[in-house]
Amino acid sequence: MDTADQLASMGTFRVLKLPLGFIRVLEWLFAIFAFATCGGYSGQLRVSVDCMEKARSNLSIGIDFGYPFRLHQVSFEAPVCEGIRRERVSLIGDYSSSAEFFVTIAVFAFLYSLMATIVYIYFQNKYHENNRGPLIDFVVTVVFSFMWLVSSSAWAKALSDVKVATDPDEVQLLISACKIQTNKCGSMHRPHWSGLNTSVVFGFLNFVLWAGNIWFVFKETGWHKGSSKFAAGASEKQAGTFSQQPNNQGSFDQSGSFNTQGDLIQPSEYGQVGGPSSYSNQI
Ligand SMILES: *[C@@H]1O[C@H](CO)[C@@H](O)[C@H](O)[C@H]1NC(C)=O
């Protein structure tokens with residue numbers, strides 16, 4: 001009986017413990033991708049101003065921009081095509097709040113998931129003490145899921161605006177020389193967007209990961225087992241009194257087929273078995 005219990009617990013451990021830890025590892029990897037691709041971005045566009053008076057032309061005006069996308073602070077010099085005069089032109093828009101919000105969430109999500117992974121591996125007993133670890137973990141995971149959704153959506157919207165604001169065809173409209181028919185303006189080079197598109201994809205992937213992990217953290221809390229089972233999960237020291245209640249046992253055993261699988265989703269069991277060493281082996 002004892003060995004059977006242990007085997008079941010080992011199964012529980014393998015099936016249950018693995019997703020939570022494994023998803024946490026994916027979470028911090030994906031968070032790194034999210035903030036590195038967004039926060040590390042720099043791009044360039046290039047326009048040409050071809051004046052009727054050729055000597056005044058500048059056929060390659062490069063405009064650099066990057067994170068945090070305060071485009072109104074990005075300026076460049078363009079010929080006015082009258083005399084040798086030049087004008088200073090600024091791009092339009094400030095998308096720093098969305099970009100910085102996204103990167104901030106990504107950095108904190110990275111720190112939390114990294115910390116949580118360490119706690120799962122090295123402080124399992126502390127984690128399950130008084131059920132406080134799973135409780136905090138659950139709340140934080142719900143909050144981060146929501147934050148990933150909000151910040152990714154905001155950043156996706158900002159990115160689509162940044163793409164318009166840095167489109168060379170749009171930037172030409174800001175240059176006064178380009179408004180005169182006799183001058184010709186052209187778009188030489190568009191910014192590359194693959195890195196920023198990746199950051200949005202990873203933002204939403206992170207949302208999916210964190211939202212999915214809500215379920216696995218929820219299992220840790222033991223709430224899903226219902227009120228009677230919750231009592232068992234919450235206070236394992238009262239296991240003796242619990243086994244004296246025939247009603248509970250009966251109703252629990254009624255679903256026999258569920259019970260064999262049900263063993264796999266009982267959080268209270270693996271907490272005691274499967275030490276840190278076997279967990280790290282899994283990873
Ligand atoms: C054209 O503009 C760039 C700035 O993008 C500047 O470095 C370069 O000197 C200009 N060329 C001429 C011929 O004025």
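Remember, predicted model here, so these are calculated numbers, not experimental data.

A.B. asks: I'd love a proper account of the site of the ligand, names of residues and values included.
C.D. replies: Taken together, Asn58, Ser60, Ile61, Gly62 and Arg86 make up the full set of residues near the ligand. Contacts to the ligand include glycine 62, whose backbone N or O atom sits 3.0 Å from an oxygen atom. Contact between the ligand and arginine 86: an oxygen atom at 2.8 Å from a side-chain N or O atom of the residue. Taking 370 Å² as the accessible area of the ligand by itself, protein coverage stands at 44%. The element contributing the most residues to the shell around the ligand is strand S2 (residues 58–66), with four residues.

A.B. asks: So, the sheet that holds strand S1 (residues 42–50): which residues are in play, and what are the values?
C.D. replies: Spatially, three strands are ordered S2-S1-S5 in an open sheet, and the strand pairing comes out antiparallel. Only two strands of the sheet have a single neighbouring strand rather than two, namely S2 and strand S5 (184–189). Within the sheet, the average angular offset between the axes of one strand and its neighbour, ignoring direction, is 25°. Judged from the seven bridges that link them, S1 and S2 form a sheet pairing that is antiparallel. In the strand pairing of S2, valine 47 is matched with isoleucine 61.

A.B. asks: Can you tell me about the pattern of salt bridges, naming the residues and giving the values?
C.D. replies: Summed over the entire model, instances satisfying the criterion amount to ten salt bridges. For aspartate 167, the salt bridge identified is with arginine 190, shortest N-O distance 2.9 Å. Within this pair, whereas aspartate 167 is found in the loop between helix H4 (132–165) and helix H5 (168–172), its partner arginine 190 is found in the loop between S5 and helix H6 (194–221), the two being separated by 23 residues in sequence. Taking relative accessible area as the criterion, arginine 190 reaches 43% and is therefore assigned partly exposed. Each of Arg24, Glu27 and Asp137 takes part in a single network of salt bridges with overlapping partners.

A.B. asks: Break down a nonpolar patch on the surface for me, with residues and values.
C.D. replies: Side chains of Ile118, Tyr122 and Phe123 sit close together on the surface and give an oily, nonpolar patch of about 340 Å² of accessible area. Examined against the element boundaries, phenylalanine 123 turns out to sit in the loop between helix H2 (96–122) and helix H3 (124–128). Classification of phenylalanine 123 as partly exposed rests on a relative accessible area of 45%.

A.B. asks: Tell me what's going on with the nonpolar core, and back it up with residues and numbers.
C.D. replies: The biggest cluster of nonpolar side chains holds 54 residues, and the ones touching the most others in it are Ile63, Phe65, Phe69, Phe76, Trp148 and Trp155. Secondary-structure elements contributing two or more residues to this core are helix H1 (2–39), S1, S2, strand S3 (75–79), H2, H4 and H6. A per-element tally of this core places H2 first, with ten residues. Apart from residues lying up to four places away in sequence, phenylalanine 65 is in contact with Tyr41, Ser42, Gly43, Gln44, Leu45, Leu71, Val74, Val162, Thr166, Pro191 and Trp193.

A.B. asks: A description of the state of the cysteines should follow, citing residues and the corresponding values.
C.D. replies: Under the counting rule described, the total for this entry stands at two disulfides. Here cysteine 51 connects covalently by a disulfide to cysteine 81, the sulfurs 2.0 Å from one another. What sets the handedness of the cysteine 51 and cysteine 81 disulfide is the S-S torsion sign, and at about -70° it is left-handed. One end of the pair, cysteine 51, is in the loop between S1 and S2; the other, cysteine 81, is in the loop between S3 and strand S4 (86–90), and 30 residues separate them in sequence. Taking relative accessible area as the criterion, cysteine 51 reaches 1% and is therefore assigned buried. In this model cysteine 178 forms its disulfide with cysteine 185; the gap between the sulfur atoms is 2.0 Å. On the sign convention where negative means left-handed, the S-S torsion of about -95° between cysteine 178 and cysteine 185 marks this disulfide as left-handed. For cysteine 185, a relative accessible area of 23% puts it in the partly exposed group. Once the disulfide-bonded cysteines of the chain are ranked by sequence position, their pairing pattern turns out to be 1-2, 3-4.

Cut-off values and rules
- Residues numbered from 1 in each chain as written.
- Predicted model: local features only at pLDDT ≥ 70, side-chain atom pairs only at ≥ 80, totals over all residues.
- Heavy atoms only, no water.
- Near = heavy atom within 4 Å.
- Polar contact = N/O pair within 3.5 Å; in protein donor to acceptor, adjacent residues only side chain to side chain.
- Areas by Shrake-Rupley, 256 points an atom, 1.4 Å probe, with all protein chains shown as cover.
- Helix = DSSP H or I, 4+ residues; strand = E, 2+ residues; numbered from the N terminus.
- Pairing = 2+ DSSP bridges.
- Axes fitted to C-alpha atoms, helices over the stretch in contact; angles between N-to-C directions.
- Salt bridge = Lys/Arg side-chain N within 4 Å of Asp/Glu carboxyl O.
- Buried < 20%, exposed > 50% of the residue type's maximum accessible area, 1.4 Å probe, protein only.
- Patch = residues over 30% accessible without salt bridge, like charges linked within 9 Å, V, L, I, M, F, W, Y side chains within 5 Å.
- Core = buried A, V, L, I, M, F, W, Y, C linked by side-chain atoms within 4.5 Å.
- Contact = heavy atoms within 4.5 Å.
- Disulfide = S-S within 2.5 Å.

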